[in-house]
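Summary of structural features
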Amino acid sequence: MEKKNIKWSELGFSYIKTDKRYISHWKNGSWDDGQLVEDNKISISEGSTCLHYGQECFEGLKAYTTKDGGIQLFRPDMNAKRMQQTCEKIMMPKVPVEKFIDACMQVVKANESWVPPYGSGATFYLRPYVIGVGDNIGVRPAEEYIFGVFGMPVGPYFKGGMNPVNFITTDADRAAPHGTGKIKVGGNYAASLQSHYEAVKRGFADCIYLDPLTHTKIDEVGAANFFGVTKDNKFVTPDSTSILPSITKFSLLHVAKHYLNMETEETDVLVDNLDIFAEVGACGTAAVITPIGGIEHNGKMHVFYSETEVGPVTKKLYNTLYGIQMGDIEAPEGWIYKVI
Ligand code: PLP
Ligand code: COI
């Protein structure tokens, strides 16, 4: 398969229109078979609930090229199940897990020439979504829906990639304690745009959200989860009802425990007790593992391992997780789905 003439190592996280995308419609109580289409525009009613009442959700996962030229997905069943939880919470029909995985596979296969080669440093990002559509004006669930999947080659989400970047805490909340923080709805991201913009304007990679109830605990790092490695080598990540249950976070908890023999804990991470950590980072599908050099909170900068060098445990976590995703390290059973 001839690949596109792209400078893979120079890619950032930007939209690229690839050849084909998948679209399926839900009407009268069921999903149709879905199909691949070339057009990247969707025509919907001006009354669609996704436009007015935020009845929509999305997911993010990646396809990786292995050393032998195969292509594989990392834990797509977890994304499918998380999307079902989101759909349930905002009263949209669930996409069956098999349909979700099949749609992702169809999109990868149809865009094989866009999937970055092994060793290029880039990966193929898939963006599944569900939107409420159809003629409507009242605040109620839509009667029709679209499930779509598109994808594109991407590089690092945060500019530094595997280099440390700095973050700043914000007073703003992206989600409420018993609201929509733990599901993947667009409203959470609309709520994050201004604080993200302010943080970037001040020279930080993004902002850190604190728990919305007390503002004393670390919740999330922009669009990624937070993790820390304590000075006595424990892998710690926040336990909160207002953060997205990150598949990368769950995978790192497993990697830390079973591959690196570390103790692990999901618990409160007090923003005034950052001294316990030797290294900290952000983790997510787009962010992969982004080492955090320092965090500014209340005007004071707390520097962790280094603002310029990656800590040794973060490096090991990254190498193991990325090795599993690329097929270089044996994955736990059920984590890898072969596409090609
Ligand atoms: N937190 C938020 C708000 C996110 O948008 C994401 C990205 O999906 C994550 C965390 C990381 O989740 P995952 O590892 O499943 O990609
Ligand atoms: C992801 O990591 O897949 C995300 O959804 C984060 C961001 C691009 C919104």
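If you're wondering where the values come from, they're calculated on a predicted model, not measured in any experiment.

1. Topic: the overall build of the protein chain
Along the protein chain, the regular secondary structure elements total 7 helices and 18 strands. At 20 Å, the protein chain has a C-alpha radius of gyration in line with the 20 Å of a compact globule built from 340 residues. If you line up the protein chain on its principal axes, its C-alpha atoms span 55 × 50 × 35 Å. Within the protein chain, buried positions represent 54% of all 340 residues. Relative to all contacts within the protein chain whose residues are 6 or more apart in sequence, the contacts with residues 24 or more apart total 72%. Counting only carbon and sulfur atoms, one obtains 49% of the accessible surface of the protein chain, whose full area is about 15600 Å². Here the protein chain holds 34 positive side-chain charges and 41 negative ones, and the gap between their average locations is 3 Å.

2. Considering the site of ligand 1
Surveying the vicinity of ligand 1 reveals 16 residues, the closest of which are Tyr189, Glu220, Ser246, Thr248 and Thr285. Backbone polar atom of isoleucine 247 to an oxygen atom of ligand 1: 2.8 Å apart, as the coordinates give it. Taken by itself ligand 1 offers 380 Å² of open surface, and the protein chains cover 97% of this. A molecule is said to occupy a pocket when more than half its atoms come within 2 Å of that pocket's grid points, and by this definition ligand 1 occupies the largest pocket. Of all the secondary structure elements, the ones that give two or more residues to the shell around ligand 1 are strand E12 (224–230), helix H6 (247–259) and strand E15 (277–284).

3. Examining the site of ligand 2
In the region of ligand 2, the neighbouring residues are Phe13, Phe58, Gly60, Tyr125, Arg127, Tyr157, Lys184, Tyr189, Ala223, Thr285 and Ala286. Side-chain polar atom of lysine 184 to an oxygen atom of ligand 2: 2.7 Å apart, as the coordinates give it. In the environment of ligand 2, an oxygen atom lies 2.8 Å from a nitrogen or oxygen atom belonging to the backbone of alanine 286. More than half of the atoms belonging to ligand 2 lie within 2 Å of the grid points that define the largest pocket.

4. Observations regarding unusual backbone geometry
The phi dihedral of asparagine 28 is positive, around 50°, even though this residue is not glycine. Note that asparagine 28 resides in the loop between strand E1 (21–27) and strand E2 (30–31). Look at asparagine 28 and you get exposed, because its relative accessible area is 76%.

5. Topic: helix H7 (residues 312–325)
With 14 residues, H7 ought to run about 20 Å at 1.5 Å a step, and its terminal C-alpha atoms sit 20 Å apart, in line with that. Among the 14 residues in H7, 10 count as buried, and that is most of the element. Those residues of H7 lying buried are Val313, Thr314, Leu317, Tyr318, Thr320, Leu321, Tyr322, Gly323, Ile324 and Gln325. The positive-phi residue at the C-terminal boundary of H7 is glycine 327, with phi of around 85°.

Rules used in this analysis
- Residues numbered from 1 in each chain as written.
- Chains lettered and ligands numbered in written order.
- Predicted model: local features only at pLDDT ≥ 70, side-chain atom pairs only at ≥ 80, totals over all residues.
- Heavy atoms only, no water.
- Helix = DSSP H or I, 4+ residues; strand = E, 2+ residues; numbered from the N terminus.
- Rg over C-alpha atoms; globule rule 2.2 N^0.38 Å.
- Buried < 20%, exposed > 50% of the residue type's maximum accessible area, 1.4 Å probe, protein only.
- Contact = heavy atoms within 4.5 Å.
- Areas by Shrake-Rupley, 256 points an atom, 1.4 Å probe, with all protein chains shown as cover.
- Lys, Arg positive; Asp, Glu negative; His and termini not counted.
- Charge placed at Lys NZ, Arg CZ, Asp CG, Glu CD.
- Near = heavy atom within 4 Å.
- Polar contact = N/O pair within 3.5 Å; in protein donor to acceptor, adjacent residues only side chain to side chain.
- 1 Å grid on protein atoms, 1.4 Å probe; cavity = no way out; pocket = protein on both sides within 12 Å on 5 of 7 lines; lining within 4 Å.
- Sits in = over half its atoms within 2 Å of the grid points.
- Expected span 1.5 Å × (residues − 1).

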